[in-house]
Amino acid sequence: MLGIAIGEKAYWNKGYGQDATKLLLDYGFNLLNLNNIMLGVFSFNERAVNCYRKVGFKEIGRRRQARIIGGKKFDVILMDILAEEFESVYVKKFLQDQKTG
Ligand SMILES: CC(C)(COP(=O)(O)OP(=O)(O)OC[C@H]1O[C@@H](n2cnc3c(N)ncnc32)[C@H](O)[C@@H]1OP(=O)(O)O)[C@@H](O)C(=O)NCCC(=O)NCCS
């Protein structure tokens, strides 16, 4: 399971979340040899949902009404991505360079 947080709000919405997620996926798929990586995200967190969707995560289900905030109930959206759905951004090139260089 994966989760990320950028602490400084000034750095939100600049693509860093997508970059960080891609690096984590690259590590998980191409160094740890995982085949499926999943995450949970609150349904109100549209920025995070979009960030993960743009990297290639797909919604696989919802844990209904998993969080109550101020009397309002929110689902947790479950998302996952397969190794074959992800294009390596760094690790594969690094390993090729090691072989040839
Ligand atoms: C969630 C988080 C990691 C995303 O990282 P980020 O760098 O802000 O996100 P990115 O810029 O890579 O991508 C966000 C996308 O959502 C879009 N977006 C931003 N605000 C949005 C909103 N309110 N509704 C819908 N989409 C939104 C952005 O435009 C961007 O899409 P684009 O690339 O097409 O422009 C970061 O905002 C964060 O750390 N938030 C606080 C902690 C958190 O919520 N962590 C997730 C726990 S599951």
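Residues numbered from 1 in each chain as written. Predicted model: local features only at pLDDT ≥ 70, side-chain atom pairs only at ≥ 80, totals over all residues. Heavy atoms only, no water.

A.B. asks: Mind showing me how you'd approach the side chain of Asp-26 here?
C.D. replies: Structurally, Asp-26 can be placed in helix α1 (residues 16-30). The side chain of Asp-26 sits in the buried core without any salt bridge; Lys-92 is the nearest counter-charge, 7.3 Å away. A polar contact of 2.6 Å, which involves the side chain of Asp-26, links it to the side chain of Asn-30. Apart from the residues lying within four places of it in its own chain, the contact partners of Asp-26 are Leu-31, Phe-86, Ser-88, Val-89, Tyr-90 and Val-91. (Helix = DSSP H or I, 4+ residues; strand = E, 2+ residues; numbered from the N terminus. Buried < 20%, exposed > 50% of the residue type's maximum accessible area, 1.4 Å probe, protein only. Lys, Arg positive; Asp, Glu negative; His and termini not counted. Salt bridge = Lys/Arg side-chain N within 4 Å of Asp/Glu carboxyl O. Polar contact = N/O pair within 3.5 Å; in protein donor to acceptor, adjacent residues only side chain to side chain. Contact = heavy atoms within 4.5 Å.)

A.B. asks: I'm lost on the nonpolar core in this one. Help?
C.D. replies: Generally speaking, a soluble globular protein has its nonpolar side chains buried in company with each other. Of all hydrophobic cores here, the largest spans 16 residues; its most connected members are Leu-25, Val-41, Tyr-52, Phe-57 and Met-79. Elements with a contribution of two residues or more to this core: α1, β1 (36-42), α2 (46-55) and β3 (72-82). Considering each element in turn, this core owes the most residues, five residues, to α2. Those residues in contact with Tyr-52 that sit more than four places away from it in its chain are Leu-2, Ile-4, Thr-21, Leu-39, Val-41, Phe-57 and Met-79. (Core = buried A, V, L, I, M, F, W, Y, C linked by side-chain atoms within 4.5 Å.)

A.B. asks: How should the packing of α1 against α2 be read in this particular structure?
C.D. replies: The geometry of a pair of packed helices is captured by two quantities: the angle between their axes and the separation between those axes. The geometry of α1 relative to α2 is characterised by a closest axis approach of 9 Å and an angle of 50 degrees between their N-to-C directions. One element, α1, and the other, α2, form an angle in the oblique class. Where α1 crosses over α2, the handedness of that crossing is right-handed. In contact with Gly-17, Gln-18, Thr-21, Lys-22 and Leu-25 of α1, α2 contributes Cys-51, Tyr-52, Lys-54 and Val-55. In the contact of α1 with α2, the residues fall into four nonpolar, three polar and two charged. (Axes fitted to C-alpha atoms, helices over the stretch in contact; angles between N-to-C directions. Parallel < 35°, antiparallel > 145°, perpendicular 65-115°, else oblique. Left-handed = near helix turned anticlockwise from the far one by under 90°. Nonpolar A, V, L, I, M, F, W, Y, C, P; charged D, E, K, R; others polar.)

A.B. asks: Whenever I open this one, the packing of aromatic side chains confuses me. Can you help?
C.D. replies: Ring pairs (aromatic) are described by centroid distance and by the angle formed between their planes. Under the criterion given, the structure shown has six aromatic pairs. Judged by centre distance (5.9 Å) and plane angle (65 degrees), the ring pair of Tyr-52 and Phe-57 falls under edge-to-face. (Phe/Tyr/Trp six-rings, centres within 6.5 Å; stacked < 30°, edge-to-face > 60°.)

A.B. asks: Explain the side chain of Asp-75 here, please?
C.D. replies: Structurally, Asp-75 can be placed in strand β3. Owing to a relative accessible area of 18%, Asp-75 belongs among the buried residues under this scheme. A polar contact of 3.2 Å, which involves the side chain of Asp-75, links it to the side chain of Arg-62. Non-local contacts of Asp-75, meaning those with residues more than four positions away in its chain, are made with Val-41, Phe-42, Ser-43, Arg-62, Arg-63, Arg-64, Gln-65 and Ala-66.

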